[in-house]
Amino acid sequence: MAPPLRIDSLAKSYGNRPALAGVSLEVAEGEILGLLGPNGAGKTTMIRCVVGRVVPSAGTIQVFGDPVGSGAARARIGYIPQEIALYGRLTAAENLGVFGRYNGLSGEALDTAMQSCLEWAGLQERAREPVMSFSGGMKRRLNMAAGLLHRPRLILLDEPTTGVDPQSRQRIYAMVEELRAQGVSVIYTTHYMEEAERLCDRVAIIDHGKIIAMGAQADLVRQSFGTRSELTVYCDDAADWAASMGGAPSAGGGSYRFTVTDPALEIAKILESARAKSIRVRDLTFKAPNLESVFLHLTGRELRE
Amino acid sequence: MILDIIRTGFMNLRRDRGALMLSFIVPIAFFSIFAGIFGSRKGGTDPIHMVVVDEDRSEFSRRFVNALKGEAGLRVETVRQDPASAEQAVKAGDVSVAVILPKGFGAAPISFSHETVGARLQILNDSSDPIAAQVVFGLIQKAAMISMPDAMATEGTRMLDRYSGGLTPVQRARIDSSMAALRSHLDAPRDSERTDPAGGLSGGLIAADIRDVVGENKKNPLVAFYAAGIGVMFLLFSASAAGGAMLDEADNGTLDRILSSRVTMTTLLLGKLGYAALLGFLQLTVMFLWGAFAFRVELFRHLDGFLVMAIVTSLASASLGLCLAASCKTRAQLSSLTTLVVLVMSALGGSMVPRFIMPEFLQKIGFVTFNAWAIDGFTKIFWREEPVTHVWLQVVVLLGAAVVFFAVARRLARRWEVA
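What follows is about the overall build of chain B. The helix and strand inventory of chain B stands at 17 helices and 6 strands. Put simply, 78% of the contacts in chain B that link residues at least 6 apart link residues at least 24 apart.

Glancing now at the overall build of chain A. Helix and strand content of chain A: 11 helices and 14 strands. The dimensions of chain A, computed from C-alpha atoms along their principal axes, are 80 × 45 × 35 Å. The buried share of chain A, taken over its 305 residues, is 43%. Summarising the internal contacts of chain A: among those between residues at least 6 apart in sequence, 70% fall at separations of at least 24.

What follows covers unusual backbone geometry. All names here are of chain A. Even without being a glycine, D237 presents a positive backbone phi close to 50°. As for its placement among the helices and strands, D237 is situated in the loop between β11 (229–234) and α9 (239–244). Its 9 C-beta neighbours within 10 Å are what place D237 among the exposed residues.

On to the sheet that holds strand β8 (residues 185–190) of chain A. Strand pairing in a sheet relies on backbone hydrogen bonds. The paired strands run either parallel or antiparallel. Residues and elements named next belong to chain A. The strand order across the open sheet formed by 6 strands is β6-β7-β8-β3-β9-β10, and the pairing between neighbours is mixed. Looking along the sheet, the strands with just one partner apiece sit at the ends: β6 (77–80) and β10 (210–215). Across this sheet, the average inter-strand angle for adjacent strands is 15°, counted without regard to direction. With 4 bridges connecting them, strand β3 (residues 32–36) and strand β9 (residues 202–207) associate as parallel partners.

Quick look at the domain arrangement of chain A now. Once the domains are mapped, chain A shows domain 1 (5–222) and domain 2 (229–288). For domain 1 of chain A and domain 2 of chain A, the distance between their C-alpha centroids amounts to 42 Å.

Listed as interface residues are 25 residues of chain A and, on the opposing side, 19 residues of chain B. Of all the elements in the fold, those that place two or more residues in the side of chain A that touches chain B are β6 and α3 (92–102) of chain A. Per-element tally for the side of chain A that touches chain B: the top contributor is α3 of chain A, with 5 residues. Its residues assigned to classes, the side of chain A that touches chain B comprises 15 nonpolar, 4 polar and 6 charged.

Another aspect to go through is the packing of helix α1 (residues 2–15) of chain B against helix α11 (residues 265–295) of chain B. All names here are of chain B. Contact geometry for α1 and α11: axes closest at 8 Å, N-to-C directions at 50°. By the angle between their axes, α1 is oblique relative to α11. α11 is crossed by α1, and the crossing has right-handed handedness. Contacts between α1 and α11 pair I2, I5, I6, G9 and F10 from the former with T267, L268, L270, G271, K272, G274, Y275 and L278 from the latter. Of the residues in the contact of α1 with α11, the class split is 8 nonpolar, 4 polar and 1 charged.

Residues and elements named next belong to chain A. The topology assignment puts P18 in strand β2 (residues 17–27). Separated by 141 residues in the primary sequence, P18 and E159 place their C-alpha atoms 21 Å from one another. Setting aside anything within four residues of it in sequence, one finds P18 in contact with S13 and G209.

Residue and element names in this part refer to chain A. Between helix α8 (residues 217–225) and helix α11 (residues 291–299), the least distance of the axes is 9 Å, while the angle of their chain directions is 40°. Looking at the two axes, α8 sits oblique to α11. At the point where α8 passes α11, the crossing takes the left-handed sense. Seen from α8, the contacting residues are Q217, L220, V221, S224 and F225; seen from α11, they are L291, S293, V294, H297 and L298.

To continue, consider the pairing of β10 of chain A. Walk down a regular strand and you will see the side chains alternate between the two sheet faces. Residues and elements named next belong to chain A. Taken together, the 5 bridges between β9 and β10 define a ladder with antiparallel strand orientation. Looking at the pairing, V203 lines up with G215 of β10. Between the antiparallel neighbours β9 and β10 lie 2 residues, among them H208 with a positive phi of about 50°.

Moving on, we get to the sheet that holds strand β13 (residues 255–260) of chain A. Residues and elements named next belong to chain A. With antiparallel pairing, 4 strands are arranged side by side in an open sheet as β12-β13-β11-β14. The two strands at the open ends of the sheet, each matched to only one other strand, are β12 (248–249) and β14 (283–287). Bridging between β12 and β13 involves 2 bridges; their strand directions are antiparallel. Its bridge partner being in β13, P249 is matched across the sheet by Y256.

Formed by 155 residues in total, the largest nonpolar core has its most connected members in L36, L96, L142 and L156 of chain A together with A227 and L322 of chain B. Among the elements that take part in this core, helix α9 (residues 223–251) of chain B stands out by supplying 19 residues, more than any other. Ignoring any residue separated from it by four or fewer positions in sequence, one finds L142 of chain A in contact with L86, A92, N95, A121, L123, V131 and F134 of chain A.

To continue, consider the environment of I211 of chain A. Residue and element names in this part refer to chain A. Tracing the backbone shows I211 in strand β10. I211 sits 55 residues away from L156 along the chain, and the two C-alpha atoms are 18 Å apart. Setting aside chain neighbours within four positions, we find I211 in contact with V23, L25, A204, I205 and I206.

Here the focus is helix α4 (residues 107–120) of chain A. All names here are of chain A. With 14 residues, α4 should cover 20 Å at 1.5 Å per step; its first-to-last C-alpha distance of 20 Å lies within 8% of that length. By the burial criterion, the buried members of α4 are A113, M114, C117 and L118. Projected down its long axis, α4 shows its buried positions confined to an angular sector of 130°, all on one face. Looking at α4, the residues exposed on the side facing more than 90 degrees away from the buried face are E108 and E119. Buried residues along α4 sit in contact with α3 and α5 (136–145).

Basis of the calculations
Residues numbered from 1 in each chain as written. Chains lettered and ligands numbered in written order. Predicted model: local features only at pLDDT ≥ 70, side-chain atom pairs only at ≥ 80, totals over all residues. Helix = DSSP H or I, 4+ residues; strand = E, 2+ residues; numbered from the N terminus. Contact = placed C-beta atoms within 7 Å. Buried ≥ 20, exposed ≤ 12 C-beta atoms within 10 Å, placed from the backbone. Pairing = 2+ DSSP bridges. Axes fitted to C-alpha atoms, helices over the stretch in contact; angles between N-to-C directions. Domains from an automatic or database assignment. Nonpolar A, V, L, I, M, F, W, Y, C, P; charged D, E, K, R; others polar. Parallel < 35°, antiparallel > 145°, perpendicular 65-115°, else oblique. Left-handed = near helix turned anticlockwise from the far one by under 90°. Core = buried A, V, L, I, M, F, W, Y, C linked by C-beta atoms within 7 Å. Expected span 1.5 Å × (residues − 1). Arc of directions from axis to C-beta.

What follows is the structure, given as structure tokens:
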């Protein structure tokens with residue numbers, strides 16, 4: 001059986017500027033694939049190619065074996081754009097009615113889908129209120145619900161938590177996890193590392209239009225760092241000392257990063273050396289590598305630059 | 001699907017009080033203001049396009065017609081040779097005035113008294129331009145003086161024979177008395193131009209009957225013009241605003257969402273066209289209902305013509321609105337372009353000032369706007385009371401404009417389809 005999404009050698013250029021440069025990936029049934037990358041990396045372009053809103057310069061995209069843009073592919077895709085793509089003057093229920101009809105639903109099927117989506121988004125009690133009166137989080141939830149009325153099997157979520165408060169963000173995470181429980185495949189673009197870590201079965205790190213790493217989070221970390229962790233020592237004017245101990249200055253200055261494989265032994269050694277050199281340590285942090293570290297390691301840049 | 005798009009448009013409109021006001025209240029206010037200002041306006045055309053039918057074919061009438069042709073204030077046409085076709089030309093709005101020189105006119109064209117000796121000249125008029133007949137009547141007197149001095153002398157001699165009876169003191173006194181009476185008659189313009197009981201003008205050198213052949217029973221001649229003119233202008237504004245909703249949808253991602261559903265761009269544009277056209281039709285209906293209620297526009301007597309003209313006008317406006325929206329990238333850009341295009345089209349096309357009082361070259365330029373065609377159609381129906389079949393040309397032009405504008409809008413909308 002064809003996978004929910006198969007992308008081969010996808011490329012897209014705007015003039016001389018490549019937005020996507022040969023992306024290939026596959027999404028399995030019930031899988032949440034995170035697209036992690038900074039702004040302008042090509043995440044949204046890729047999503048818009050899958051929805052059929054951007055024509056690729058090269059490459060192919062298949063949705064459950066059907067070419068993108070076909071009626072069958074459209075019927076199986078649920079697209080949730082980054083913007084609040086709703087009619088502000090209409091109520092929540094009216095918005096769902098509109099987009100349900102645009103997706104071919106009517107009558108009882110539409111009513112059932114609307115009720116189910118309102119419930120999923122936790123907006124039953126606000127169904128008859130105009131969307132313009134909603135909080136940012138409520139709008140986001142309704143924005144997501146409006147893409148799911150026709151029960152798509154592949155959902156494209158483009159940065160669904162942008163501008164959302166932490167409480168609403170947790171609610172959105174729960175909604176996405178509910179989708180996974182229903183066996184729906186999801187592509188989830190974000191530049192929030194913690195979202196990808198919490199929600200995604202696999203992560204594709206995308207930068208400058210290319211996938212530079214793809215796999216489960218633990219695998220990516222292991223591939224990049226092995227068993228190494230990162231120690232950051234905050235002190236001033238200690239570049240020579242840090243270099244002698246295998247450290248490197250941090251990007252912001254005022255601190256030095258050390259990679260350690262045996263934390264108990266190596267941290268003690270570094271601190272003892274600093275004391276011996278009369279270097280005043282103001283603070284220190286120790287963290288196991290995560291996706292952000294992987295991104296930094298692979299690109300030399302912070303994720304949110 | 002198209003119905004759903006139309007329905008969505010109205011759902012949005014219902015919540016947008018500003019758009020509702022712009023669609024229905026503001027046009028009525030403008031219409032009322034213009035109707036109030038111009039409803040009883042006296043205006044005229046210069047030069048006046050007129051037709052002369054010479055049924056007399058005498059030496060006098062030939063010279064008289066030539067003198068009229070020499071008048072800078074008149075554009076005289078003589079190709080129509082019978083009174084019926086001349087009257088039809090006035091009714092159709094092809095000319096402002098028709099002058100009929102009846103048989104026998106040349107026998108005694110000049111009269112220095114209120115008693116008409118020969119056949120009276122006929123002036124056929126369109127009462128929407130009440131001043132034209134008066135101007136023509138005045139220029140006829142001038143033409144008579146220039147072209148018929150011998151007739152004047154003959155009439156003078158006749159008057160002399162009639163009143164003097166020789167140059168006796170008594171006769172001289174009678175002549176002096178008559179001449180004094182004539183001078184005082186000519187010196188007193190109101191007396192000399194009084195309307196006679198038959199509805200004509202006498203007291204000049206040439207007596208004439210003036211007959212309104214169009215709109216003689218209408219109370220407020222220019223209101224029908226403004227109902228159509230203002231209506232079409234606001235139709236264009238609201239059609240552009242309706243089309244502009246696509247710019248908002250493109251901005252906030254709704255267009256992406258719609259086009260990733262089962263709705264195609266052509267379907268979406270047809271839905272938008274349907275919404276804007278239906279809204280325009282409702283606007284015109286409200287406008288004419290108000291006109292019927294407040295200004296006695298005869299809507300119900302011309303319902304068939306109104307429906308035909310309202311439908312094609314709404315479609316053309318909606319298409320242009322879509323076209324304008326599709327050619328702009330932002331709402332602000334659209335707003336500026338719409339204001340410019342609509343006001344220029346409205347001014348040229350006769351929405352603000354009736355085209356018949358414009359200079360002829362402007363009247364011709366006006367035909368590049370569909371305001372002119374729409375107003376002409378409405379005018380034919382409501383003012384000239386022509387049957388609905390007589391507006392076929394206006395209908396064809398407006399439908400053609402609708403198709404062309406829609407095709408252009410569809411082509412321009414390709415930029416939204418894929419990037």
